[in-house]
Amino acid sequence: MKCLSHVLTTFNPMLRSFLIAACVALCAAVVCVPAVAAPEDSMLANIKDAKARLDRTESKISKERVALANELRALEQQVMKLRNETTVARRKMDERTLSLSQLENRLSSWSEQQEFQQNLLSRFLLQTGVDSLSLSEMSLSDKVQKVGEKAKEFANQQTPNFSAGKVVLANGEVTQAKVLTLGPVTWYLAQAQNVAGTAERKQDLFTSTSTFSDTDTESLASLASSGNGSIKIDPTLGRATTREQASEGVIEHVVKGGVWVIPIVLFALLATLIALFKVIQLWRLPKVKQVASGKALVNMVGSSGVGFFDGMQRELYDITKRASTPTERDDELFSALQQDKIKLEKYNGTIAVTAAVAPLLGLLGTVSGMIETFRMMTAFGSSDPEVISGGIAKALVTTELGLVVAIPALILNAVLSRKARHYYEELESFALVLSNDEPDVAEKSDQKSDGQKQASAS
């Protein structure tokens, strides 16, 4: 029984229940069997029978396990196959979406190219004289056809020939003339008036833009009659002539500023005269001799004599000689220094005032000119931009002139003031040496100078 229970515990529950049932049946059979059979033989037979059934059951379970494993493997392979098919389908969908976006980008690029080409065609037709209203009513095919006609016309112009046409001369007279067109340049020759020049086409008429001299007119007439000759070409298409006509001199440019130019010019002339006077005055001043102390002054004056100092420095030295007391000397030195300072800085304020007032006068002239320009715009409208730009340009002349006057005046005032201040500081240093508390420096220097003169005389 212990062996049987050990066998039962070693098997799984299903086998255990099966064995329990087999044991119960075996016990019933043992009870019902006659006593002739031996108990050990019947028990062994039952055990063998149970073991056989157990082997059959294990074999059946192993076969079912193999079948289930094969089925599971097949299902896994099917899942992998479906997953790969899903990946392929998703990739194809992405490729379709990507190709669609590429097609959209390409279509957008083609649309931009078409719009750019249409703009080029429209601009070319406008430059060749086609009306903007007519151009807006043209289709793309009409524009292409019109461009083809213009191309043929330009091709014919590559072999230039004179043709008859009407030209509006500079004096307003309309006359018949021979016209030669080569690219964007057109020449005309009015033999009746003996006038030639360049022209610009406006609808059915040619308008004269410039007139040739007699020599150039004869050359163009020779080219028209014999086919040989030289002609004058303006590569700027009249812009150089227009710029030359618009150029102006300095006086004309200044006069454009109006009445406010007058005070600016007057201030400029006044500042210039004062600056010249101050430059001559300051640069003609004698150099101040540097004196470190009273002893050095005695030695310098004693060796060189009274004429050692010049100008304002000599006046300060003479004051020291004349003064009877130190207080009187210091008062006279201070008074002399103040007078020298006034003389050195005289008229510098006028240059500073010019530097400050000139830009304000220029700004005032600009504001007045702008007011006048806006008044003209109110009266006659703003359809012509040349009138507006011309008025603004005239208004800005005064600001330009004010700055031209103020900047040099400011620089001159700074330079002249610095020169005067430096010269005054040197005089002030010399006066401090003269007004020290040592014995009378002037008397010592005079005594030494007289002694040297007597020694040289003897």
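Computed from a prediction, not measured in an experiment: that's the story for all the values here. Residue positions are given per chain, counting from 1 as you read along its sequence in written order. Residue-level local features of this predicted model are given only where pLDDT is at least 70; pairs of side-chain atoms are given and counted only at 80 or more, and the full residue set underlies all totals for whole chains, interfaces and linings. Here the side-chain values reflect all heavy atoms present in the structure, with hydrogen atoms and water set aside.

## Quick look at the environment of T272
Numbering of helices and strands starts at the N terminus; helices are DSSP runs of H or I of at least 4 residues and strands are runs of E of at least 2. Within the secondary structure, T272 is located in helix 9 (residues 261-283). Nitrogen and oxygen atoms within 3.5 Å of one another constitute a polar contact, given that in protein one can donate a hydrogen and the other can accept it, and given that sequence-neighbouring residues count only through two side-chain atoms. Side-chain polar atoms of T272 contact the backbone oxygen of A268, separated by 2.6 Å.

## Considerations on the packing of helix 9 against helix 12 (residues 326-345)
Following both chains from N to C, one finds helix 9 and helix 12 inclined at 135°, their axes separated by 10 Å at the closest point. As judged from the angle between their axes, helix 9 and helix 12 are oblique. Contact with helix 9, carried on its side by K278, Q281 and L282, involves K343, L344 and E345 of helix 12 and no other residues of that element. Split into classes, the residues belonging to the contact of helix 9 with helix 12 amount to 2 nonpolar, 1 polar and 3 charged. Where helices are involved, their axes are fitted lines through C-alpha atoms of the stretch in contact, as for all axes, and angles between N-to-C directions lie from 0 to 180°. Orientation categories follow fixed angle ranges, with anything under 35 degrees roughly parallel, anything over 145 roughly antiparallel, 65 to 115 roughly perpendicular, and all other angles oblique. It only takes one pair of heavy atoms within 4.5 Å for two residues to be counted as in contact. All residues other than Ala, Val, Leu, Ile, Met, Phe, Trp, Tyr, Cys, Pro, Asp, Glu, Lys and Arg, Gly among them, are scored as polar; the first ten of these are nonpolar and the last four charged.

## Structural notes on the packing of helix 11 (residues 311-322) against helix 12
With their axes 9 Å apart at the nearest point, helix 11 and helix 12 run at an angle of 165° to one another. Taken together, the axes of helix 11 and helix 12 are roughly antiparallel relative to one another. Here the hand of the crossing between helix 11 and helix 12 comes out right-handed. Facing M312, E315, L316, I319, T320 and R322 of helix 11, the residues of helix 12 in contact are R329, E332, L333, A336, L337, D340, K343 and L344. The residue makeup of the contact of helix 11 with helix 12, split by class, is 7 nonpolar, 1 polar and 6 charged. Crossings are assigned a handedness: left-handed for a near helix turned anticlockwise from the far helix by less than a right angle, right-handed for a clockwise turn.

## Side note on the packing of aromatic side chains
Between 30 and 60 degrees the pair is tilted, below 30 it is stacked and above 60 it is edge-to-face, where a pair is any two Phe, Tyr or Trp rings, Trp via its six-membered ring, whose centres lie within 6.5 Å. According to the stated counting rule, one finds 1 aromatic pair in the structure shown. Aromatic side chains F277 and Y347 sit 5.9 Å apart centroid to centroid with 75° between the ring planes, which places their arrangement in the edge-to-face category. Taken as a pair, F277 in helix 9 and Y347 in the loop between helix 12 and helix 13 (348-380) lie far apart in primary sequence, 70 residues in all. The criterion is that NZ of a Lys, or CZ of an Arg, lies within 6 Å of the ring centre and within 35 degrees of the ring normal, and then a charge sits over that ring. For K341, the ring lying beneath its charged end belongs to Y424, and the centroid distance is 5.5 Å. Seen from the ring of W283, K419 lies directly overhead, with NZ or CZ sitting 5.3 Å from the centre.

## What to know about the side chain of N348
As for its placement among the helices and strands, N348 is situated in helix 13. Exposure classes here rest on a 1.4 Å probe applied to the protein chains alone. A residue is buried below 20% of its type maximum, exposed above 50%, and partly exposed in between. N348 gets classed as buried once you look at its relative accessible area, which sits at 5%. N348 has contacts with K278, N413, L416, S417 and A420, leaving out every residue within four places of it along the chain.

## Description of the side chain of T198
Relative to the helices and strands, T198 resides in strand 4 (residues 195-202). When residues no more than four places from it in sequence are discounted, the contact partners of T198 are T186, W187, Y188, T207, S208, T209, S210 and F212.

## Points about unusual backbone geometry
Of note in the backbone geometry, Y347 takes a positive phi value of approximately 70° without being a glycine. For Y347, a relative accessible area of 39% puts it in the partly exposed group.

## Description of helix 12
With 20 residues, helix 12 should reach 28 Å at 1.5 Å per residue; the first-to-last C-alpha distance of 28 Å fits that figure. Three or more residues of helix 12 are buried, namely R329, L333, A336, L337, D340 and L344. Buried positions in helix 12, seen along its axis, are confined to an arc of 105° and lie on one side of it. Among the exposed residues of helix 12, those oriented more than 90 degrees off its buried face are T327, F334, Q339 and I342. Backbone geometry just downstream of helix 12 places Y347 in the positive-phi region, at approximately 70°. Expected helix span is computed as 1.5 Å times (number of residues minus one). For this quantity, the arc is that covered by the directions from the helix axis to the C-beta atoms.

## Comments concerning the confidence of the model for the chain
For every residue, the predictor assigns a confidence score, pLDDT, that lies between 0 and 100. Of the residues in the chain, 76% reach a pLDDT of 70 or more, and the chain-wide mean stands at 77. Across the chain, helix 9 holds the top mean pLDDT of 90, while helix 1 (residues 2-10) sits lowest at 44. In the model, residues 1-12 has pLDDT below 50 throughout and makes 10 contacts with residues more than four positions away in sequence or in other chains. With pLDDT under 50 throughout, residues 437-458 is counted as low confidence; its partners more than four residues away or in other chains account for 24 contacts.

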